[in-house]
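Spelled out from the first residue to the last, the chains are:
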Amino acid sequence: MRPKPPGHADATAQDIGRRELLKWAAGLGTASGLPLAASAAPASTPPSWSQVRQMFRLQGQAPLNAANLCPAFAEVLDQHGHFAEKLNADVGFLNRREFVKQELAAARTACAALLGLRDADSVAFVRNTTEANAAIVNGLALQAEDEVLLWRENHASNYRSWHYRHLRQPMQVRSFALPQRLESPAQIAAAIVAELRPNTRVLSFSHLSNISGTRLPAQEICAAVHAVNADLFIHIDGAQTWGSQVVDLDAIDCDSYASSGHKWLCGPRGTGILMLRRRWAERITPSILGYDFNFDYPEDRLQANALRLENLGQRDTAAYGALGVAARRHLALGPARIEARISALTQYALTALDRAGIACITPRDPRFGHGVVVANLGSRLKSYGAFLALHNAGYAAAFIHGNRVHCSPEGPVSEDDLPVYLRICPHLYNDEKDIDAAVAVASRIRDSNFEIIKEMVRFF
C-alpha cells in the first residue's frame, strides 16, 4: 500500500481501527426508535439461506437479475418508510439536520466498514454508480496529451462517458482486452501493466463485468500499476461487487470506487456511494454545487475529502439512512459468507447449463467468474426467446446485445437488434431450484423454435 498523504491521522473519529469499526457497525441499531430486526445482530448460529430468503417480500417471484436490480430487504423498506415519515412530520431544518447527524453518520460508518475503509469521510453519498462514475469522468483534470485507459467490458457509464468527454475536450482514450485465457491474478495484472504508456494518467475498469461475469483481481492490478506510477489515478466501477463479495478498499488501494445500493446490496433505489481518497480530493472538481446534507452551500469552502461531491441539493435523505440498514444487514450476515453463497450458486448454474448442453462465456474459475452467468443459446432469436420465456414464467433475467444489457421485454425487434446472450444473476435470496427452473426454460426454448413463437404470443 502506498504511504498515506501528509496530514493523514490514524486516530481520528473518521479513521477508527477497522476491526472496531466492523464490530460496532455490525451490531449498530438506529437512533430512530425503530430498531433493526433482532437477527441483524451477529448471532452464534447464522440464519439459513431459506431464512435469509424470508427477509425479502418476493411474493413468489424469483428475481435472477441482481446485476441490474435487487429487491430490498424488508427491513430496509420498513426503515426507509419510517425515516420518511419522521422527516415528513417535521420538515424544519433542525429536525433534518439532526437526522443527518444521527442516521446519516451511522449509515456512512456502516458503509465504510462494509467497504473496508478506516476513513468514513472518504465515502460520498450519491444516487447510483452512474452518478459516481460521472463525478470522476467529468471532475478529473486532464490535458490534451493525457491518456485514459479503459477495459473494453466497462459499463457504458464508465466507458462511453469518457468518450463523451473526449468529444468536448481533447484527450486520449484507449481500451484494452484481457488475455483470452485467464490463468492467474499476476498474469492479468501484468497484461494491464503492459498496456500502460508514459502519458497514461487514468486506468478505469469494472471490478466485475456485467456482460460476461468476468471478475478482475483489483488488488493485484492496483499494486502492479501503482508500482509503475504511484500517481496514476485508478477508478473502479464496483456496481457488481459491493454486496456480492468481500470488498476491502484499503487493501485494494484504488483511488476511487463507485457502487449502487439497489444492486447486490439489496438497499434502496436512488442511493449509491463514491469512495475518493483524500490525496486526490482537491484534484476533483465537482460538476454540481448545490447545498450539502446540512443545507450549507460550499462556495469556496469545498471539503478536502469525498464530501465535496455531496453538494447535490435536495435529495431523499431517508433513503441514505436506509442504505445504512442494508450495509449493517450485510455485515451481520457476513460478507465472506455471502460471497461464498453467490460463488456456490454461480458454479451450480454453470454446471447445470453444462448438463443442458448450453455454452457459457462466464469464466469457470471462481477467481475470475462470479455472480453474473452469461449463456450462449446458439442464436440471437433463441437468446431473446429464453429471456421472454423466463419473464413469462416469473423469472426476472436479462439479455446481452453487444455491450448493452436489456432487462425488459420489447415489442417486435429486427434481427440486428436481437440479443446474443442470456444472463442470469443469482443472489442470496435464490436457491438451486430457481436455477434448475431457469435452465429448464432455456433448454426448452433452445430445442424448439415453436416454443419461442408460443412465448411471444403469450407475452404480446
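Whatever comes next refers back to the structure up there.
Just so it is clear, the model here is predicted, and its values are computed rather than measured.

> Tell me about the overall build of the protein chain, and name the residues and values.
Of the regular secondary structure elements, the protein chain holds 15 helices and 12 strands. The buried share among the 460 residues of the protein chain stands at 54%. Put simply, the protein chain shows about 19000 Å² of open surface, and 52% of that area lies on carbon and sulfur atoms.

> A description of the sheet that holds strand β5 (residues 233–237) should follow, citing residues and the corresponding values.
Strands in a sheet are paired, the pairing made by backbone hydrogen bonds, and the direction either parallel or antiparallel. Overall, mixed pairing links the seven strands, which are arranged β1-β7-β6-β5-β4-β2-β3 in an open sheet. Looking at strand neighbours, the two that pair on one side only are β1 (123–126) and β3 (172–176), the edges of this open sheet. Ignoring which end each strand starts from, the neighbouring axes of this sheet average 20° apart. Taken together, the five bridges between strand β6 (residues 256–260) and strand β7 (residues 272–276) define a ladder with antiparallel strand orientation.

> Give me the nonpolar core: which residues, what numbers.
The biggest cluster of nonpolar side chains holds 77 residues, and the ones touching the most others in it are Leu-203 and Tyr-257. When sequence neighbours within four positions are dropped, the list of residues in contact with Leu-203 reads Leu-149, Phe-176, Ile-192, Ile-221, Val-225, Leu-232, Phe-233, Ile-234 and His-235.

> Please give an account of helix α14 (residues 432–446) that cites residues and values.
Relative to the 21 Å expected for 15 residues at 1.5 Å per residue, α14 spans 21 Å between its end C-alpha atoms, a close match to the ideal helical length. When we look at burial in α14, the residues that qualify are Asp-434, Ile-435, Ala-438, Val-439, Val-441, Ala-442, Ser-443, Ile-445 and Arg-446. Close packing links the buried residues of α14 with α2 (49–53), α12 (335–355), α13 (380–392), β12 (421–424) and α15 (449–459). The backbone nitrogen of Lys-433 lies 3.1 Å from a side-chain oxygen of the residue at the head of α14, namely Asp-431.

> A description of the packing of α13 against α15 should follow, citing residues and the corresponding values.
Relative to each other, α13 and α15 sit at 50°, their axes nearing to 9 Å. One element, α13, and the other, α15, form an angle in the oblique class. For the element pair α13 and α15, the recorded crossing hand is left-handed. Between α13, through Leu-381, Lys-382, Tyr-384, Gly-385, Leu-388, Ala-389, His-391 and Asn-392, and α15, the contact on the second element is made entirely by Asn-449, Ile-452, Glu-455, Met-456, Arg-458 and Phe-459. Residues belonging to the contact of α13 with α15 are distributed by class as follows: seven nonpolar, four polar and three charged.

> Outline the state of the cysteines, listing residues and values.
Under the criterion given, the structure shown has zero disulfides. Of the cysteine sulfurs around Cys-222, a residue in no disulfide, the closest is that of Cys-254, at 5.3 Å. What makes Cys-222 buried here is its relative accessible area of 1%.

> Before we move on, can you summarise unusual backbone geometry with the specific residues and values?
Backbone geometry places Asp-253, a non-glycine residue, at a positive phi of 65°. Mapping Asp-253 onto the fold places it in the loop between α9 (249–252) and β6. Located in the positive-phi region is Phe-295, a residue other than glycine, with phi close to 65°. Considering the arrangement of structural elements, one finds Phe-295 in the loop between α10 (278–281) and α11 (317–333). Classification of Phe-295 as buried rests on a relative accessible area of 14%.

> Just give me the short version of the environment of Arg-269, but keep the residues and values in it.
Here Arg-269 is to be found in the loop between β6 and β7. Taking the C-alpha atoms as reference points, Arg-269 and Ala-72, 197 residues apart in sequence, are found 8.5 Å from one another.

> Quick one: what's the story with the environment of Pro-46, residue by residue and with numbers?
For Pro-46, the location among the structural elements is in the loop between α1 (18–26) and α2. In this structure Pro-46 comes out as partly exposed when scored by relative accessible area, which is 42%. Separated by 288 residues in the primary sequence, Pro-46 and Gly-334 have C-alpha atoms spaced 9.0 Å apart.

> Tell me about the packing of α12 against α14, residues and numbers included.
Close contact between α12 and α14 brings their axes to 10 Å; oriented N to C, the two are set at 30°. The angle between the axes of α12 and α14 places the two elements in the roughly parallel class. Remark: the crossing between α12 and α14 carries right-handed chirality. In contact with Arg-341, Leu-345, Tyr-348, Ala-349, Ala-352, Leu-353 and Arg-355 of α12, α14 contributes Glu-432, Ile-435, Asp-436 and Val-439. Tallied by class, residues from the contact of α12 with α14 come to seven nonpolar, no polar and four charged.

> I'd love a proper account of the pairing of strand β9 (residues 373–376), names of residues and values included.
As judged from the two bridges shared by strand β8 (residues 359–360) and β9, these two strands associate in the antiparallel manner. Paired with Ala-359 across the strands is Asn-376, a residue of β9. Bridge count for β9 against β12 is three bridges, and the pairing is antiparallel. Looking at the pairing, Val-374 lines up with Arg-423 of β12.

> Explain the pattern of salt bridges to me, and be specific about the residues and the numbers.
Summed over the entire model, instances satisfying the criterion amount to 27 salt bridges. With its nearest N and O atoms 3.7 Å apart, the salt bridge here joins Asp-431 to Arg-53. Taken together, the positions of Asp-431 in the loop between β12 and α14 and Arg-53 in helix α2 put the pair 378 residues apart, joining distant regions of the chain. The class for Asp-431 is partly exposed, based on a relative accessible area of 24%. The partner of Arg-277 in a salt bridge is Asp-250, and the shortest N-O contact between them spans 3.2 Å. Placement of Arg-277 in the loop between β7 and α10 and of Asp-250 in helix α9 is noted, with a sequence separation of 27 residues between them. Since its relative accessible area comes to 12%, Arg-277 is described here as buried. Three or more residues are tied together by salt bridges with common partners; here these are Arg-444, Glu-451, Lys-454, Glu-455 and Arg-458.

What counts as what
Residues numbered from 1 in each chain as written. Predicted model: local features only at pLDDT ≥ 70, side-chain atom pairs only at ≥ 80, totals over all residues. Heavy atoms only, no water. Helix = DSSP H or I, 4+ residues; strand = E, 2+ residues; numbered from the N terminus. Buried < 20%, exposed > 50% of the residue type's maximum accessible area, 1.4 Å probe, protein only. Areas by Shrake-Rupley, 256 points an atom, 1.4 Å probe, with all protein chains shown as cover. Pairing = 2+ DSSP bridges. Axes fitted to C-alpha atoms, helices over the stretch in contact; angles between N-to-C directions. Core = buried A, V, L, I, M, F, W, Y, C linked by side-chain atoms within 4.5 Å. Contact = heavy atoms within 4.5 Å. Expected span 1.5 Å × (residues − 1). Polar contact = N/O pair within 3.5 Å; in protein donor to acceptor, adjacent residues only side chain to side chain. Parallel < 35°, antiparallel > 145°, perpendicular 65-115°, else oblique. Left-handed = near helix turned anticlockwise from the far one by under 90°. Nonpolar A, V, L, I, M, F, W, Y, C, P; charged D, E, K, R; others polar. Disulfide = S-S within 2.5 Å. Salt bridge = Lys/Arg side-chain N within 4 Å of Asp/Glu carboxyl O.

Everything listed here is a matter of geometry and, on its own, says nothing about what the molecule does.
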